[in-house]
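Coordinate analysis (summary)
Residues per chain, in single letters:
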Amino acid sequence: MIMRLLTDGIGEVDLRDIGVYRSRGGYQAVEKALRRMTPQEVAAEVNTANLRGRGGAGFPAGRKWSFLPNDGRPRYLCVNGDESEPGSFNNRMLVEDNPHLLVEGVICSSYAIGANFAVIYLRGEFYEGAAIMNRAVAQATEAGYLGEHILGSDYSLHIVVHRGAGAYICGEESALLESIEGKRGHPRVKPPFPAVAGLYASPTVVNNVETLCCVPSIVNNGGAWFAGIGSPKSPGTKICSISGHVRRPGNYELVMGTPLRELVEEHAGGIRDGHRLKMILPAGASSAAMTPDQLDTPLDFDAMAAAGSMLGSAGLIVCDETTCAVKVALIGESFYAHESCGKCTPCREGTKWVEKVLARLEGGQGQPEDVDLLKSLVGEIGGGKCLCPLGDFAVTYLGSALRLFEDEFIAHAHGHTCSHAAEVLSA
Amino acid sequence: MVLDPAETKEMAARYPERRSLVLPLLWRAQERIGYVSDEAIDEIAAAADVPASEVSSVVTFYTMFRRSKPPAHRLQVCTSLSCAMAGADDLVAGLRAMPGCGERFSVETVECLAACDRAIAGLYNEGLVGPLDLAGSTKLVRDGAGVAGPAKAASDAAARAEGGDGR
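Predicted model only: the values in this text are computed from it and were never measured. (Residues numbered from 1 in each chain as written. Chains lettered and ligands numbered in written order. Predicted model: local features only at pLDDT ≥ 70, side-chain atom pairs only at ≥ 80, totals over all residues. Heavy atoms only, no water.)

**Looking at the overall build of chain A**
Selection criterion: Only runs of H or I of at least four residues qualify as helices and only runs of E of at least two qualify as strands under DSSP, and these elements are numbered from the N terminus. As defined in this context, the radius of gyration uses C-alpha atoms, and a globule is described by 2.2 Å times the residue total to the power 0.38. Residue exposure ignores everything except the shown protein chains as possible cover, and the areas themselves are Shrake-Rupley values with a 1.4 Å probe. His is not counted here, nor are the chain ends, while Lys and Arg score as positive and Asp and Glu score as negative. Taken as the charge location is NZ of Lys, CZ of Arg, CG of Asp or CD of Glu.
Within chain A, the regular secondary structure consists of 19 helices and 10 strands. Its C-alpha radius of gyration of 22 Å places chain A within 12% of the 22 Å reference for a compact globule of 427 residues. Across its three principal directions, the C-alpha atoms of chain A cover 75 × 45 × 35 Å. Carbon and sulfur atoms provide 52% of the accessible area of chain A, an area that totals close to 14,300 Å². If you average the places of the 38 positive and of the 49 negative side-chain charges in chain A, the two averages end up 3 Å apart.

Structure (structure tokens):
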């Protein structure tokens, strides 16, 4: 079911204009939080809301906030807007079309955790998004929602929009912090986690764009209200980005727990004419494939995990029967081989090795033993052997495809190029 | 001098620590002269108070920073999954076969641009474009104008569909 909590007004009015945003109730959460609530009360509402991280992990934001030690060091909030997972494009819409919602969410959340400095980290390719976000921050500052003594209170907050420069790995929170500190985006050894030693070695919260965009409505309506929307254990809405072989690709904000089938068949208009569904990668290129028999799975964190895949950031890529499972693996693996930061051996060496094997399979030069080789590489690279999940992501789809579509891999290994190979390119 | 010292000072005041200036100043240098020069690296190292060798290593880590001037017309085509499924590889091959490619304009491939609803998506200089087809992109790299499916219209269409009133 569609419920427009974060996307209300997008496509109808220009929410980038602070006047328009305010006329629709914008910045009331800031007014309420700063005038009538203590930081602890704001944090308590977010806790009650059971707001789970929309960046993919689904970790409760309120709990993440509670890990900050109270030791007098400055605290920071960093917004993860490095949206880079192939298939995900919901953060870009929020940044470009509803920037003040994010600013408002950042103000409420920074107030709740006691941060006076926040960074909105946007991937470098978001040229327009960065310009829009900078304008929104300037408008909010002029209106008195940012800066010193906000709304006459003792609370001060400054926001900087910080641009990345083309590195998928910077979506990993510790790599993102390195990037803000002016370094190469290499993930850090954990522990210590960012809550204890994050930006400039100070207590830091890193939350996704969409997660923070949920906070204003929680402040306005209460955590209990939010907790009552959708799946009890994954409350709220989720903006699902759907692309690939569907009639109406786009972003659809759905109540958590909406069946996958409703998104694919109703909202996205079903599979393109004359074709049928083969598989869905529900959390982008790094997720385990799901098959047509799983279309009744509810779109929430727990149900998708129970179905053997994940909700992630809900970047769903839909493939019809013309799609070659081996080719999809090769496209994905080339991405990960390129984006591996090079720090951990299994990921750095493994992704390139897998890419090589898949390239020869896909090119009709495969050897019979390649299928077993791939299976063993999936086990050797995945399973948490690296400092960050990129290595795991790089073999998640492949592992699922080797189970679901083993016959296609075997056919390729015997020198038969896939009959779909030409079609997937011209589809 | 590549950077404007007054602007650098103003940017430094926004961050708690100076080393955070590395990426913003690299962007600024690239905006001013089109790429990151040796001179820019030295200036940034001084401004951010980090060794020049470290700034160099940052430049090479991030794919969007360039060490040489790019052609005036630059099209980057996304070849990640949704765009590949829409024929990105054929589009790139078609564009690269055009006379003038690599000289008057460049055609590069890029990883997912978070615009899969506009597959095949691309970046024309700094603007998001899509959906791209061969005719539209040919016109784009030749004339520097005319895009298949204006970016904003596509986004609005998606938003309307989301509300159910566009169906």
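**Digging into the packing of helix α3 (residues 38-48) of chain B against helix α4 (residues 52-61) of chain B**
All names here are of chain B. Convention followed: Only the contacting stretch of a helix is used when fitting its axis, a line to C-alpha atoms as for every element, and angles between N-to-C directions run 0 to 180 degrees. Each crossing is labelled by how the near helix is turned from the far one, with a counterclockwise turn of less than a right angle marking it left-handed and a clockwise turn marking it right-handed. By definition in these notes, contact holds between two residues if any of their heavy atoms fall within 4.5 Å. Throughout, the ten residues Ala, Val, Leu, Ile, Met, Phe, Trp, Tyr, Cys and Pro are labelled nonpolar, Asp, Glu, Lys and Arg are labelled charged, and all others, Gly among them, are labelled polar.
Closest axis-to-axis distance for the α3/α4 pair is 8 Å, and the angle between their directions is 115°. Along this stretch, α3 crosses α4, giving a crossing that reads as right-handed. Between α3 and α4, the contacting residues are Ile41, Asp42, Ile44 and Ala45 on the first element and Ala52, Val55, Ser56 and Val59 on the second. Broken down by class, the residue content of the contact of α3 with α4 amounts to six nonpolar, one polar and one charged.

**Observations concerning the state of the cysteines**
Residue and element names in this part refer to chain A. Using the following cut-off: Cysteine sulfurs are considered disulfide-paired once they come within 2.5 Å of each other. Type-normalised accessible area, obtained with a 1.4 Å probe on protein chains alone, sets the label of each residue: buried when under 20%, exposed when over 50%, and partly exposed for intermediate values.
This model, assessed by the stated rule, comprises zero disulfides over all chains. In this structure Cys341 is not part of a disulfide, and its nearest cysteine sulfur, from Cys344, lies 6.3 Å away. Among the cysteines around Cys386, which has no disulfide bond, Cys344 carries the closest sulfur, lying 4.7 Å off. You can call Cys386 buried: its relative accessible area is 18%.

**Some points on the confidence of the model for chain A**
Rules: Think of pLDDT as the predictor's per-residue confidence, scored from 0 to 100.
When the pLDDT values of chain A are averaged, the result is 95; 98% of them are 70 or greater. Below pLDDT 50 for its whole length, residues 421-427 of chain A participates in 19 contacts with residues either more than four positions away or in separate chains.

**Some points on the pairing of strand β9 (residues 277-285) of chain A**
Residues and elements named next belong to chain A. Selection rule: Should DSSP find at least two bridges between two strands, the strands are taken to pair.
Extensive coverage of β9 is indicated by the burial of nine of its nine residues. Here β9 runs beside strand β10 (residues 315-320); their pairing, made up of four bridges, is antiparallel. Looking at the pairing, Leu281 lines up with Ile317 of β10.

**What about the packing of helix α6 (residues 99-113) of chain A against helix α7 (residues 127-142) of chain A?**
Any two packed helices are characterised by how steeply their axes cross, that is the angle between the axes, and by the distance between the axes. All names here are of chain A. Inclusion rule: Geometric relationships in this document are graded by angle, where less than 35 degrees denotes roughly parallel, more than 145 denotes roughly antiparallel, 65 to 115 denotes roughly perpendicular, and other angles denote oblique.
Look at α6 against α7: their axes get within 9 Å of each other, and the N-to-C directions meet at 55°. Classed by the angle they form, the pair α6 and α7 counts as oblique. Relative to α7, α6 is oriented so that their crossing is right-handed. On the side of α6, the interface is formed by Pro99, His100, Leu102 and Val103, while α7 contributes Ile132, Met133, Ala136, Val137, Gln139 and Ala140. Broken down by class, the residue content of the contact of α6 with α7 amounts to eight nonpolar, two polar and no charged.

**Quick notes on the sheet that holds β10 of chain A**
Residues and elements named next belong to chain A. Judged by pairing direction, the sheet is mixed, and its four strands sit side by side in the order β8-β7-β10-β9 without closing on themselves. Looking at strand neighbours, the two that pair on one side only are β8 (250-255) and β9, the edges of this open sheet. Strand-to-strand twist in this sheet, taken as the mean axis angle between neighbours without regard to direction, amounts to 30°. The pairing of strand β7 (residues 237-244) with β10 spans four bridges and is parallel. Bridged to Ser241 within β10 is Gly315.

**Here's the deal with the nonpolar core**
What counts here: Buried residues of nine kinds, namely Ala, Val, Leu, Ile, Met, Phe, Trp, Tyr and Cys, make up a nonpolar core once their side-chain atoms join them within 4.5 Å.
Ranked by internal contacts, the top residues of the largest apolar core, which has 78 residues, are Ile169 and Leu199 of chain A together with Leu26, Tyr62, Phe65, Leu75 and Val77 of chain B. By size, the runner-up hydrophobic cluster in this structure holds 59 residues, among which are Ala29, Ile107, Ala112 and Met133 of chain A.

**Details of the sheet that holds strand β1 (residues 76-81) of chain A**
Residue and element names in this part refer to chain A. One open sheet accounts for four strands, arranged β3-β2-β1-β4; its pairing is parallel. The open sheet terminates on both sides in strands that have one partner only, identified here as β3 (158-163) and β4 (204-208). Strand-to-strand twist across the sheet, computed as the mean angle between neighbouring axes with direction ignored, equals 20°. When β1 meets strand β2 (residues 117-122), the two strands line up parallel, connected through six bridges. Note that in β2 the partner of Val79 across the bridge is Ile120. Set on the sheet, α6 makes contact with β1, β2, β3 and β4; between it and β1 the angle comes to about 150°. Together, β2 and β3 form the strand contacts of α7, whose direction differs from that of β3 by roughly 170°.

**With respect to the packing of aromatic side chains**
What counts, and what does not: Between 30 and 60 degrees the pair is tilted, below 30 it is stacked and above 60 it is edge-to-face, where a pair is any two Phe, Tyr or Trp rings, Trp via its six-membered ring, whose centres lie within 6.5 Å. Here, over-ring charges are defined by two tests on the NZ atom of lysine or the CZ atom of arginine: distance to the ring centre within 6 Å, and angle to the ring normal within 35 degrees.
The full count for this structure, using the stated rule, is 15 aromatic pairs over all chains. Aromatic pair Tyr76 of chain A and Tyr200 of chain A: ring centres 5.6 Å apart, planes at 85°, arrangement edge-to-face. Taken together, the positions of Tyr76 of chain A in strand β1 and Tyr200 of chain A in the loop between α8 (173-180) and β4 put the pair 124 residues apart, joining distant regions of the chain. Measuring from ring centre to ring centre gives 5.0 Å for Phe335 of chain A and Tyr336 of chain A, while their planes differ by 90°; the resulting arrangement is edge-to-face. The exposure class of Tyr336 of chain A is buried, given its relative accessible area of 1%. Of the aromatic side chains, those joined through ring pairs into one cluster are Tyr127 of chain A together with Trp27, Phe61, Tyr62 and Phe65 of chain B. Against the face of Phe405 of chain A rests Lys278 of chain A, its NZ or CZ located 4.9 Å from the ring centre.

**Remarks on unusual backbone geometry**
With an omega of 5°, the peptide bond running from Pro191 of chain A to Pro192 of chain A counts as cis. Assignment of secondary structure puts Pro192 of chain A in the loop between α8 and β4. Cis rather than trans, the peptide bond between Ala119 of chain B and Ile120 of chain B has omega equal to 5°. With a phi close to 60°, Asp49 of chain B is a non-glycine residue in the positive phi region. By the secondary structure assignment, Asp49 of chain B is in the loop between α3 and α4. What makes Asp49 of chain B exposed here is its relative accessible area of 59%.

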